[in-house]
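The lines below spell out each chain.
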Amino acid sequence: MKVQDRTTTRGRRAIAWLASMACVLALTPGTATADNPIVQHIYTADPAPMVHDGRVYLYTGHDEDGSTYFTMREWRVFSSADMVNWTDHGSPMSLATFAWADANAWAGQVIARNGKFYWYVPVRQRSNGQMVIGVAVADSPTGPFRDALGRPLVGNNEIDPHAFIDDDGQAYLYWGNPGLWYVRLNPDMISFSGSATRIPLTTAGFGTRTGNASRPTLYEEGPWVFKRNGLYYNVFAAECCSEFLAYSTATGPTGPWTYRGTIMPRQGASFTNHAGVIDFQGGSYFFYHNGALPGGGGYTRSVAVEKFTYNSNGTFPTINMTTTGAPQIGTLNPYVRQEAETIAWGAGIETEASSEGGMNVGWIENGDYIKVKGVAFGAGATAFSARVASATSGGRIEVRLDSATGPTVGTCTVGGTGGWQTWTTTTCAVSGATGTHDLYLRLAGGSGNLFNINWWQFSGTAGSANLLTNGDVENGTTGWGVHGSGTLARNTTVAHGGGGSLSITGRTGAWNGPGQDVTARLTNGKSYTTNVWVRAQSGTPSAKATLSLTAGGTTSYLQLTPAVGVTVNGWTLLTGTTTVSWSGTLSNATFYVETAQGTDSFLVDDASFQ
């Protein structure tokens, strides 16, 4: 709930507003491409990304405004399906989660196992003032998290835990500054076998530091261990201060390690850095932090991300910090409900817990805005709706394209609702929103705090809406059929979103799969964007979306998305934009999902073709 005195966060609002001004000054109006740092309304540090069910969940620390030390009291969670629009899930864990801890909510990491999510964090133990490692557990990647033990898991006054599960199922927990340690975690992930083992810090393994006899190697802190193509990587912060990011490799999870060099040089107005590395939707991503926001520095940091490609021999390239960030994967669908706290760039706004669940955007003043990147309006939106609340007289939402001063395609009036959490839905007409654009919701009105926004959604013409009937599969198999042979059914146990997904079993050919007849809905020469989530039920097939076209007596096949490998462990997004054209009279057009080869069963959910 909002506090009664809304002036208590003016400092944070000033930071957010200065960040927006920095973006405006650095970029030409209408061509704003800055997406780093990826969160602008608070300071975030020590990124720990995790891929789960077709989304990247990003766990961070939270540097308090105006800090002159590592003043951190809570951890935060964000998530994204496209690497540019990030949803703020708030703070599902804080120092208060651990009754035995009293300070220093520092760099942690989350890993999934046994259908649960384990968050390992360093905190200061109240009884002795030493840094120890605690572990919390949750049933959801966004929490809430609860103390799994009621005491520290392990501790030796060192920091920065990172968990890794090897291919054989053995889990390891690494941590350390000034040393580097590990334990072998038991399958329950909250206990370990044996005792803590110190990894030898040799110059061959971790590089040579000069001028500090007590620390002869470059290793400083923040180990991030993962395995790729049979090789183990340990990415770490090197040689404070200021730190750069380096790495070592080994043929086993505990070494011996061989130093491989620098990944990210000393950059970014923060004397610390902290890495997280993932693969997602066929790309590799490198997370880090810097001091790029106004007021930023070594104690007020911000998380950023870059997409990269490994060298052909498996080594890291040099990765430099940018303001551009990672490219967008696919597009965002405006014709389904979108949370207001899903943001590519925000100016002036803040977030808070909503009485309707999740988070809402609040503390809105005149001229604040929310940017959402790569919104696919298709043939055209006709209306915009938003869930709003206001304890004052409200204001208005200006729906703009491509910049905060871009064309206005609609304006929604927000009236007073009697409270900051008293919600109503406002709707206004939209004209001129076609194709794919960055969406700017410019928030305007009088002085002071204006209103809150919980979610928004567009409606559109038939040509702009999803051509697929029941694309979210919430109405069973309605609208869907089998392309070729197989058995189609609704699976209510596993879903990407909502209450179920579409299951295809009994396929006898790779081209068999769930499909829909879209003959009457296609326009010749028009570009269509496909987004469909797929999950294997068996095997590891490569899935793709295809359109079969029969025109003038000839059948052709148009691949709508690249073929992407899918697994039983999570959801994978198939996405692509393709121009559809034909000669002669179109007699049949079928959209369907197939595999490149094989007859493995799979699931489909949240499909759109628009």
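Residues numbered from 1 in each chain as written. Predicted model: local features only at pLDDT ≥ 70, side-chain atom pairs only at ≥ 80, totals over all residues. Heavy atoms only, no water.

**Re the overall build of the chain**
Next, step 1: Secondary structure summary: the chain contains two helices and 44 strands in total.
Next, step 2: Taking 25 Å as the expected radius of gyration for a compact globule of 610 residues, we find that the chain reaches 25 Å, a close match to that expectation.
Next, step 3: Overall size of the chain, expressed as C-alpha extent along the three principal axes, is 80 × 65 × 45 Å.
Next, step 4: When the 610 residues of the chain are sorted by exposure, 59% land in the buried category.
Next, step 5: In the chain, of all internal contacts separated by at least 6 residues, the share reaching a separation of at least 24 is 64%.
Next, step 6: Summed over its atoms, the accessible surface of the chain is roughly 21,800 Å², and 49% of this surface lies on carbon and sulfur atoms.
Next, step 7: On the chain, the mean spot of the 37 positive side-chain charges and the mean spot of the 42 negative ones are 1 Å from each other. (Helix = DSSP H or I, 4+ residues; strand = E, 2+ residues; numbered from the N terminus. Rg over C-alpha atoms; globule rule 2.2 N^0.38 Å. Buried < 20%, exposed > 50% of the residue type's maximum accessible area, 1.4 Å probe, protein only. Contact = heavy atoms within 4.5 Å. Areas by Shrake-Rupley, 256 points an atom, 1.4 Å probe, with all protein chains shown as cover. Lys, Arg positive; Asp, Glu negative; His and termini not counted. Charge placed at Lys NZ, Arg CZ, Asp CG, Glu CD.)

**Side note on the sheet that holds strand 24 (residues 345-347)**
Next, step 1: Spatially, 24-27-32-29-30 is the arrangement adopted by the five strands of the open sheet, whose pairing is antiparallel. Each having just a single partner strand, strand 24 and strand 30 (408-414) make up the two edges of the open sheet. Neighbouring strand axes in the sheet, compared pairwise and without regard to direction, differ in orientation by 20° on average.
Next, step 2: Here strand 29 (residues 395-401) pairs with strand 30 via six bridges, running antiparallel. Looking at strand 30, one finds that arginine 396 is bridged to threonine 413. (Pairing = 2+ DSSP bridges. Axes fitted to C-alpha atoms, helices over the stretch in contact; angles between N-to-C directions.)

**Thoughts on the state of the cysteines**
Next, step 1: What the rule picks out here adds up to two disulfides.
Next, step 2: The residue that forms a disulfide with cysteine 240 is cysteine 241, at a sulfur-sulfur distance of 1.5 Å. Disulfide cysteine 240-cysteine 241: the torsion about the S-S bond is 55°, which places it as right-handed.
Next, step 3: Here cysteine 241 falls in the exposed class, since its relative accessible area comes to 56%.
Next, step 4: For cysteine 412, the disulfide goes to cysteine 428, at an S-S distance of 2.1 Å. Its torsion about the S-S bond being -100°, the disulfide of cysteine 412 and cysteine 428 is classed as left-handed. Placement of the pair is cysteine 412 in strand 30 and cysteine 428 in strand 31 (residues 419-429), with a sequence separation of 16 residues.
Next, step 5: The buried category is assigned to cysteine 428, whose relative accessible area is 10%.
Next, step 6: Disulfide partners in the chain, listed by the sequence order of the bonded cysteines, are 1-2, 3-4. (Disulfide = S-S within 2.5 Å.)

**Considerations on the environment of phenylalanine 236**
Next, step 1: Tracing the chain through its elements places phenylalanine 236 in strand 16 (residues 231-238).
Next, step 2: A residue is classified by how much of its surface remains accessible, and phenylalanine 236, at 0% relative accessible area, is buried.
Next, step 3: Taking the C-alpha atoms as reference, phenylalanine 236 lies 5.6 Å from alanine 246; in sequence the two are ten residues apart.

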